[in-house]
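Coordinates in review
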Amino acid sequence: MSSLTPEQRLDRLRSSIDNIDAALVHMLAERFRCTQEVGVLKAENEMPASDPSREARQIDRLRGLAEDSHLDPEFAEKWFNFVVAEVIQHHTQIANER
């Protein structure tokens, strides 16, 4: 049995959640730095902003990772689709600026 009060436990859990949220933001920023470079490369070589076959492979891979991690695969796919939509928008913008 824990000697912590419910309020202390809640504070600890919230602190962990805050740290995880900060790490997620930093990881997303790094991901978008990489995808910006991909967008430039695609624009320079007149490649399409979207790659549906890669996206499908990534969805399959992420759904498997989600299942292994006991995370809802549907949620993982929704998250990925949200991120990819933003990436494609960035790639299209980069191509239009050239």
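This text gives an overview of the structure that appears in the document.

Parameters and conventions
Residues numbered from 1 in each chain as written. Predicted model: local features only at pLDDT ≥ 70, side-chain atom pairs only at ≥ 80, totals over all residues. Heavy atoms only, no water. Helix = DSSP H or I, 4+ residues; strand = E, 2+ residues; numbered from the N terminus. Contact = heavy atoms within 4.5 Å. Salt bridge = Lys/Arg side-chain N within 4 Å of Asp/Glu carboxyl O. Axes fitted to C-alpha atoms, helices over the stretch in contact; angles between N-to-C directions. Parallel < 35°, antiparallel > 145°, perpendicular 65-115°, else oblique. Left-handed = near helix turned anticlockwise from the far one by under 90°. Nonpolar A, V, L, I, M, F, W, Y, C, P; charged D, E, K, R; others polar.

**Notes on the environment of His-90**
- Checked against the element boundaries, His-90 lands in helix 3 (residues 73-97).
- Once the C-alpha coordinates of His-90 and Gly-39 are considered, the two residues, 51 residues apart in sequence, prove to be 7.2 Å apart.
- Beyond its immediate chain neighbours, meaning those up to four positions away, His-90 contacts Phe-32 and Gln-36.

**What to know about the pattern of salt bridges**
- A complete count under the given rule lists four salt bridges for this structure.
- Between Arg-63 and Glu-74 there is a salt bridge; the shortest N-O distance is 3.2 Å. Taken together, the residues span a long stretch of sequence, with Arg-63 in helix 2 (residues 52-68) and Glu-74 in helix 3 at a distance of eleven residues.
- Between Glu-77 and Arg-63 there is a salt bridge, with the nearest N and O atoms lying 2.6 Å from each other. Residue Glu-77 is located in helix 3, and its partner Arg-63 is located in helix 2; the two are separated by 14 residues in the primary sequence.
- Among the ionic contacts, a cluster of salt bridges with common partners joins Arg-63, Glu-74 and Glu-77.

**What to know about the packing of helix 1 (residues 6-44) against helix 3**
- Look at helix 1 against helix 3: their axes get within 9 Å of each other, and the N-to-C directions meet at 40°. The pairing of helix 1 with helix 3 is recorded here as oblique in orientation. Of the two elements, helix 1 crosses helix 3, and the hand of that crossing is right-handed. Taking contact as the criterion, the partners of Leu-28, Arg-31, Phe-32, Thr-35, Gln-36, Val-38, Gly-39, Val-40, Lys-42 and Ala-43 in helix 1 are, on helix 3, Trp-79, Phe-80, Val-83, Glu-86, Val-87, His-90, His-91, Ile-94 and Ala-95.
- Here the contact of helix 1 with helix 3 is composed, by residue class, of eleven nonpolar, five polar and three charged.

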